[in-house]
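# Summary of the model geometry
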Amino acid sequence: MFQRRQVRRARDGSFEVRLPDSERRVLAEVLPQLRAALEGDASADPGFKRLFPVAYADDAEHAAEYRELVGDELVTKRLAQVDTVLATVQADRITEDELFAWMGAVNDLRLVLGTRLDVSEDTDLDVEPSHPDAPVYGLYAYLGFLLELLVDAAAN
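The text that follows walks through the structure, step by step, so that each part is easy to find. What you see is a predicted model; the values in this text were computed from it and never measured.

Turning to its location among the elements, Gly114 is positioned in helix H3 (residues 96-117). Every residue in contact with Gly114, bar those within four places of it in the chain, is listed here: Val119 and Tyr140.

Approximately 160 Å³ is the volume found for the second largest pocket. Every residue lining the second largest pocket is listed: Val30, Gln33, Leu34, Ala37, Phe48, Leu109, Val112, Leu113, Arg116 and Leu139. Elements with a contribution of two residues or more to the lining of the second largest pocket: helix H1 (21-39) and H3. Its residues assigned to classes, the lining of the second largest pocket comprises eight nonpolar, one polar and one charged.

Ranked by size, the top nonpolar core spans 40 residues in total, and within it Leu27, Leu31, Leu34, Phe48, Trp102, Leu143 and Leu150 carry the most contacts. Only strand S2 (15-17), H1, helix H2 (60-88), H3 and helix H4 (134-155) provide two or more residues apiece to this core. If one sorts the elements of this core by residue count, H4 sits on top with eleven residues. The residues touching Trp102, leaving out its near neighbours within four places in the chain, are Val17, Leu19, Leu27, Val85, Thr88, Val89, Ile94 and Leu150.

It is the contact of H1 with H4, at a shortest axis distance of 12 Å, that shows an interaxial angle of 110 degrees. Classified by the angle their axes make, H1 and H4 are roughly perpendicular. The way H1 lies across H4 gives a crossing that is left-handed. In contact with Glu23, Val26, Leu27 and Val30 of H1, H4 contributes Leu139, Tyr142, Leu143 and Leu146. Looking at the contact of H1 with H4 residue by residue, the class counts come to seven nonpolar, no polar and one charged.

Let's shift gears to the side chain of Gln81. Following the sequence through the fold, Gln81 ends up in helix H2. Given the relative accessible area of 13%, Gln81 is considered buried. Contact partners of Gln81, with chain neighbours within four places excluded, come to Phe100, Ala101, Gly104, Ala105 and Asp108.

Let's shift gears to the packing of H1 against H3. To characterise two packed helices, one gives the angle between the axes of the helices and the distance between these axes. For the pair H1 and H3, the least separation of the axes is 11 Å and the interaxial angle reads 70 degrees. Comparing the axis directions of H1 and H3 gives the class roughly perpendicular. For the pair formed by H1 and H3, the contact residues are Leu27, Val30, Leu31 and Leu34 on the first element and Trp102, Ala105, Asp108, Leu109 and Val112 on the second.

Analysis parameters
Residues numbered from 1 in each chain as written. Predicted model: local features only at pLDDT ≥ 70, side-chain atom pairs only at ≥ 80, totals over all residues. Heavy atoms only, no water. Helix = DSSP H or I, 4+ residues; strand = E, 2+ residues; numbered from the N terminus. Contact = heavy atoms within 4.5 Å. 1 Å grid on protein atoms, 1.4 Å probe; cavity = no way out; pocket = protein on both sides within 12 Å on 5 of 7 lines; lining within 4 Å. Points joined across faces, edges and corners; volume = space filled by probe spheres on them. Nonpolar A, V, L, I, M, F, W, Y, C, P; charged D, E, K, R; others polar. Core = buried A, V, L, I, M, F, W, Y, C linked by side-chain atoms within 4.5 Å. Buried < 20%, exposed > 50% of the residue type's maximum accessible area, 1.4 Å probe, protein only. Axes fitted to C-alpha atoms, helices over the stretch in contact; angles between N-to-C directions. Parallel < 35°, antiparallel > 145°, perpendicular 65-115°, else oblique. Left-handed = near helix turned anticlockwise from the far one by under 90°.

Quick look at the structure:
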């Protein structure tokens, strides 16, 4: 479905990012939407349940205490990752820390989309172009591809 593009480790330890401008534009357009949702009450949004799982499903009081304890830290970390990608989305080279931020932000966005689409292992992502959610399925598939490139680059 996607042509293999390179994200690879350079000799100096940085990472070369060779994405077409069109893919960089997509990231630059969708990540601010994720940022805006995270700045709101994302933990109350059912689409974000994979980003903010309930720690104590059978104990509402402990679940609330846990959310109070770590909720802001989780949001702050996710916002920082999104900001890093937005700051480096046009870069041809990124640092290892920036690569990990890319992995986190791409994965977060993919989890939110997958939750909203109710994706499972059995879901066929190759939907008809006329399907009302076809663009979202396409974005979800692309994010999976990009995440794979980023993980492969980090591993090599």
